[in-house]
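Okay, here's what each chain looks like letter by letter:
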Amino acid sequence: HSSSFSSSTASPADCSIIGAGVIGLAIARRLASAGLSVTIYDKGTPGSEASFAAGGMLCPRLEFKKGSRLSQMGEISLQLYPDYAGELEEETGLSIDLRLDGVISPLDPAETGGGEPGDNTARLIDVDALRDLEPGINHGITRALYYEEEGSVDNRALTRALEAACRGLGVEIRSDCEVLDVLVEDDRISGIRTSTGDFSSPIVINSAGSWAAKIGGTVEKVEIRPIKGQMLLLDCKDNEDEIPRHTIYSHSTYLVPRGDGRVIVGTTVEDKGFDKEVDPAAIKNLLQSAAEMFPFLEKVPPRESWAGLRPMGEQNIPTIGALSPRGYYAAVGHYRNGILLTPLTQELLAREILGESV
Ligand code: GLY
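Keep in mind it's a predicted model, so treat the numbers as computed, not measured. (Residues numbered from 1 in each chain as written. Predicted model: local features only at pLDDT ≥ 70, side-chain atom pairs only at ≥ 80, totals over all residues. Heavy atoms only, no water.)

Trainee: Sorry if this is basic, but what is going on with the packing of aromatic side chains here?
Mentor: Two numbers describe a pair of aromatic rings. These are the distance of the centres and the angle of the planes. For the structure shown, the criterion picks out 4 aromatic pairs. An angle of 45° between the planes, with centres 5.3 Å apart, marks the rings of Trp211 and Phe274 as tilted. Placement of Trp211 in the loop between strand E12 (203-206) and strand E13 (224-235) and of Phe274 in the loop between strand E16 (262-266) and helix H7 (280-293) is noted, with a sequence separation of 63 residues between them. Residue Phe274 is classed as partly exposed on the basis of its relative accessible area, which comes to 34%. If you follow Arg29 out to its NZ or CZ, it ends over the ring of Tyr84, 5.6 Å from the centre. The lysine or arginine in question, Lys214, covers the ring of Phe274, its NZ or CZ lying 4.4 Å from the ring centre. (Phe/Tyr/Trp six-rings, centres within 6.5 Å; stacked < 30°, edge-to-face > 60°. Helix = DSSP H or I, 4+ residues; strand = E, 2+ residues; numbered from the N terminus. Buried < 20%, exposed > 50% of the residue type's maximum accessible area, 1.4 Å probe, protein only. Lys NZ or Arg CZ within 6 Å of the ring centre and 35° of its normal.)

Trainee: What am I meant to see in the nonpolar core here?
Mentor: One broad rule of soluble globular proteins: the nonpolar side chains tend to lie buried together. In this structure, Ile40, Leu158 and Ile205 are the most contacted members of the largest nonpolar core, which totals 43 residues. Where this core is concerned, the elements lending two or more residues are strand E1 (15-18), helix H1 (22-33), strand E2 (38-41), helix H4 (69-92), helix H6 (155-168), E12, strand E19 (328-332) and helix H8 (338-354). The biggest single contributor to this core is H1, with 8 residues. Here Leu158 is in contact with Val22, Tyr81, Tyr84, Leu88, Ile96 and Ile339, once residues within four sequence places are set aside. With 25 residues, the next largest nonpolar core counts Leu130, Leu133, Leu234 and Ile248 among its residues. (Core = buried A, V, L, I, M, F, W, Y, C linked by side-chain atoms within 4.5 Å. Contact = heavy atoms within 4.5 Å.)

Trainee: So what exactly am I meant to see when it comes to the side chain of Arg29 here?
Mentor: Along the chain, Arg29 falls in helix H1. Judged by relative accessible area, which is 7%, Arg29 ranks as buried. With sequence-adjacent residues up to four places away left out, Arg29 is seen in contact with Tyr84, Glu87, Leu88, Glu91, Leu162, Ala165, Cys166, Leu169 and Gln346.

Trainee: How do you make sense of the pattern of salt bridges when you look at a structure like this?
Mentor: Between side chains of opposite charge, a pair can form when the charged atoms approach closely. On inspection of all chains with the given rule, the structure shows 22 salt bridges. For Arg193, the salt bridge identified is with Asp198, shortest N-O distance 2.7 Å. On the accessibility criterion, Arg193 (36% relative accessible area) is partly exposed. A salt bridge links Asp235 to Lys237; the shortest N-O distance between them is 3.7 Å. (Salt bridge = Lys/Arg side-chain N within 4 Å of Asp/Glu carboxyl O.)

Trainee: I would appreciate a short explanation of the site of the ligand in the present structure.
Mentor: Near the ligand, the surroundings consist of Met57, Glu63, Tyr254, Thr267, Arg310 and Arg336. Contact between the ligand and Arg310: an oxygen atom at 2.6 Å from a side-chain N or O atom of the residue. Interatomic distance of 2.8 Å between a backbone N/O atom of Arg336 and a nitrogen atom of the ligand. In isolation the ligand exposes 200 Å². Once the protein is present, 89% of that is buried. Its residues placed into classes, the shell around the ligand shows 2 nonpolar, 1 polar and 3 charged. (Near = heavy atom within 4 Å. Polar contact = N/O pair within 3.5 Å; in protein donor to acceptor, adjacent residues only side chain to side chain. Areas by Shrake-Rupley, 256 points an atom, 1.4 Å probe, with all protein chains shown as cover. Nonpolar A, V, L, I, M, F, W, Y, C, P; charged D, E, K, R; others polar.)

Trainee: Explain the sheet that holds strand E14 (residues 247-250) here, please?
Mentor: Within a sheet, adjacent strands bond to each other through the backbone by hydrogen bonds, running parallel or antiparallel. The 8 strands lie next to each other as E5-E6-E4-E14-E15-E16-E13-E17, forming an open sheet whose pairing is mixed. Strand pairing shows two members of the sheet lacking a second neighbour, strand E5 (123-125) and strand E17 (302-313), which therefore form its edges. Strand-to-strand twist in this sheet, taken as the mean axis angle between neighbours without regard to direction, amounts to 25°. Where strand E4 (residues 103-106) and strand E6 (residues 144-147) come together, 4 bridges link them in antiparallel fashion. Opposite Ile104, over in E6, you have Tyr146 as the bridge partner. H7 contacts E4, E13, E14, strand E15 (253-257), E16 and E17 of the sheet and is inclined by roughly 55° relative to E13. (Pairing = 2+ DSSP bridges. Axes fitted to C-alpha atoms, helices over the stretch in contact; angles between N-to-C directions.)

Trainee: Explain the pairing of E14 to me, please; I cannot follow it from the model alone.
Mentor: When a strand is regular, its side chains alternate between the sheet's two faces. Residues Thr247 and Tyr249 point to one face of E14 and Ile248 and Ser250 to the other, with burial holding for every one of them. Relative to E14, E4 is paired through 2 bridges, and the arrangement is parallel. Paired with Val103 across the strands is Thr247, a residue of E14. One ladder, built from 3 bridges, connects E14 with E15; its direction is antiparallel. When the bridges of E15 are listed, Tyr249 appears paired with Tyr254.

Trainee: How do you make sense of the environment of Arg123 when you look at a structure like this?
Mentor: Locating Arg123 in the fold gives a position in strand E5. Assessed through its relative accessible area of 40%, Arg123 is described here as partly exposed. For the pair Arg123 and Leu58, spaced 65 residues apart in sequence, the C-alpha to C-alpha distance is 17 Å. Once residues lying within four places of it in the same chain are set aside, the contact partners of Arg123 are Ala144, Leu145, Tyr146 and Glu148. Among the polar contacts listed, one links the side chain of Arg123 to the side chain of Glu148, at a separation of 3.1 Å.

Trainee: Please explain the sheet that holds strand E10 (residues 188-194) as it appears in this structure.
Mentor: With antiparallel pairing, the 3 strands of this open sheet are ordered in space as E9-E10-E11. The open sheet has two edge strands, strand E9 (179-185) and strand E11 (197-200), and neither has a second partner. Neighbour-to-neighbour, the strand axes of this sheet turn through a mean angle of 30°, independent of strand direction. Inspection of the sheet shows E9 paired to E10 by 6 bridges, in the antiparallel sense. Its bridge partner being in E10, Glu185 is matched across the sheet by Arg188.

Everything listed is a geometric property; what it means functionally is a separate question.
Written out as structure tokens, the structure is:
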């Protein structure tokens, strides 16, 4: 007698998804809406890694090189966001706090504001316009680039909403269930081997984020490694005039406002394997950079600090699509922009799997 589930005792699903982060959850929801039976396996708790750690910035023009494939992907995904958010909110009754009221990138006095770092999609704004938009900004900052259609989404709320939507559609989510191997029979996918037994399904999707390269089996490998980012959360209730109203993005530091006077501050970019330790000196540095832009923030003690792992793929490009053998797919390597690229990734992969035309 075995207490573990196995393919002989559990009914097979059409599709097994490895990793219940935003990417896995979004794809699960899409495939389940199309009528597939889907099970998601997570080694821990759904949405507790990069999806939880992210800032939720939706800033393709600041994140990607103009004209690059990633920049096009980012633009398309950003355009999908309003409908995507609207449908998800309606389906679940949960708000995901989508804000597309612009991102502000302060310029140093020496920066010209023409050519890089901005481009013609950003508007150069002067001190009056800047104060109007951001009354609490350091008075030494007199010019900025304003990316009017960009913004942010509350990534934790997005993850919770996707999880609720999945459950509502009958997607089974198995927490604390680590996928060890992808199983192959007769040159095609037959299921997965997990810490609690084997499960059969003709389709397996690897959306395991930073852990994607650890999935075993005689299947095509994905090259992914974790890049650490440290972040903090400030709680600035009742100081609406002193804190950022828009996402503020300056070189390596960004500030992302949420509801209720909360502000997310990021980030570091560190190549340290799976280490998620928070270094107080790094947090202090981030807070200092934040306070250089919004002096009020200097007095606010961090309410929370954390580190997350960005899943970085080869050449920093995500892998989205079929791998070998037949039935195996991946949606991995979104690095700094998994939240931004979620709607597009879901669509690209689901259409490939469902055989729809893109
Ligand atoms: N999206 C910014 C970051 O990865 O920190």
